[in-house]
Structures are given as structure tokens and as C-alpha cells.
Amino acid sequence: MITGYYCTNIFSEQAKELIDFYREVLGIPFIKTDVDESNGVYLGFIENAATLCIWDCRAFNAQPTGHQSFVFQTDDLDLTMESLRNKGVPLSEAIRYDWGTYEVRLSDIDDNEVVVVELV
């Protein structure tokens, strides 16, 4: 029986660069690693909660993961967008949806969709 959600694995040919993007550009905290700083790295916000885990697909002879859509939350989307623009990150237009979110989209270096949401 399933008792919880552990992580989302991302197998990348650019694992180190992808890890740097999530850690340095988006500011997702490092939780732990199973291998080293460029392979098997778990990123998230709460220890013992679901994480993103980035793997070097070449080290495991695995295919790169298909495109994903990751949704992150912020308390102030305008401030977050300003910070991302200052880091040179291309962003979509921010949209306020009737269901109560204000969000922007961008892509990571593997062309995965990253959605940043403020609940309004």
C-alpha cells in the first residue's frame, strides 16, 4: 500500500548545471545527496518531505527524463519575478487567474516548465 510521496526524479545530461539552476537561480534549498554535489542531489523545502532529485543520466546509463512541469509557491510574485529578471531568466507574462492564483512561467535548462505561483 502506498503511504506517501517521496520525490520526483529528474535524469539529465546536464545534471550539474540543472542542480545549479534550481539551487542558485531559483533558490531551492539543498536537502541531501546520495552520490555527490552533481549527482543524486535532493532539493526541497522541508526535510523528510517530497523533493526534486536530480541525477546524471550518463552515470546510470539512463535516458533523460521527459519534460515535466514543476510548480513552486511564493509570497510575492512581483518581487520574485524582479529577482529572476535580475538573474537574466526569461519569464512569461504574469497572469492572474479567477481561481485565485497569480503566476508566471519559465523554463529550466532542460526545457522543463517551471511555474511560480502566488496564492491570492
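Residues numbered from 1 in each chain as written. Predicted model: local features only at pLDDT ≥ 70, side-chain atom pairs only at ≥ 80, totals over all residues. Heavy atoms only, no water.

Q: Looking at this model, I keep getting lost on the pairing of strand E2 (residues 30-36). Mind explaining?
A: Along any regular strand, the residues point their side chains to alternate faces of the sheet. Strand direction decides the pairing type here: E2 and strand E3 (residues 39-43), joined by four bridges, are antiparallel. Bridge assignment links Thr33 to a residue of E3, and that residue is Val41. Two successive antiparallel strands, E2 and E3, enclose a turn made up of two residues. (Pairing = 2+ DSSP bridges. Helix = DSSP H or I, 4+ residues; strand = E, 2+ residues; numbered from the N terminus.)

Q: How should the nonpolar core be read in this particular structure?
A: In summary, soluble globular proteins display a tendency toward joint burial of nonpolar side chains. Judged by nonpolar contacts, the single largest core of 23 residues is most densely connected at Tyr22, Leu26, Ile54, Phe72, Leu106 and Val114. Of all the secondary-structure elements, those providing two or more residues to this core are helix H1 (15-25), E3, strand E4 (51-56), strand E5 (69-73), helix H2 (77-86), strand E7 (101-107) and strand E8 (113-119). Broken down by element, this core gets its largest block of residues, five residues, from H1. In contact with Phe72, not counting residues within four places along its chain, are Tyr22, Leu26, Ile28, Phe45, Leu52, Val114, Val115, Val116 and Val117. (Core = buried A, V, L, I, M, F, W, Y, C linked by side-chain atoms within 4.5 Å. Buried < 20%, exposed > 50% of the residue type's maximum accessible area, 1.4 Å probe, protein only. Contact = heavy atoms within 4.5 Å.)

Q: What exactly am I supposed to notice about the sheet that holds E3 here?
A: Think of a sheet as strands paired side by side through backbone hydrogen bonds, with each pair either parallel or antiparallel. Taken in spatial order, the four strands of this open sheet run E1-E4-E3-E2, and their pairing is mixed. Of all strands in the sheet, those with a lone pairing partner are strand E1 (7-12) and E2, marking the two edges. Between one strand axis and the next, the sheet turns by 15° as a mean value, whatever way the strands run. Each of E1, E2, E3 and E4 is contacted by H1, which is oriented at about 155° to E4, the strand it contacts most. (Axes fitted to C-alpha atoms, helices over the stretch in contact; angles between N-to-C directions.)

These figures capture arrangement, not role.
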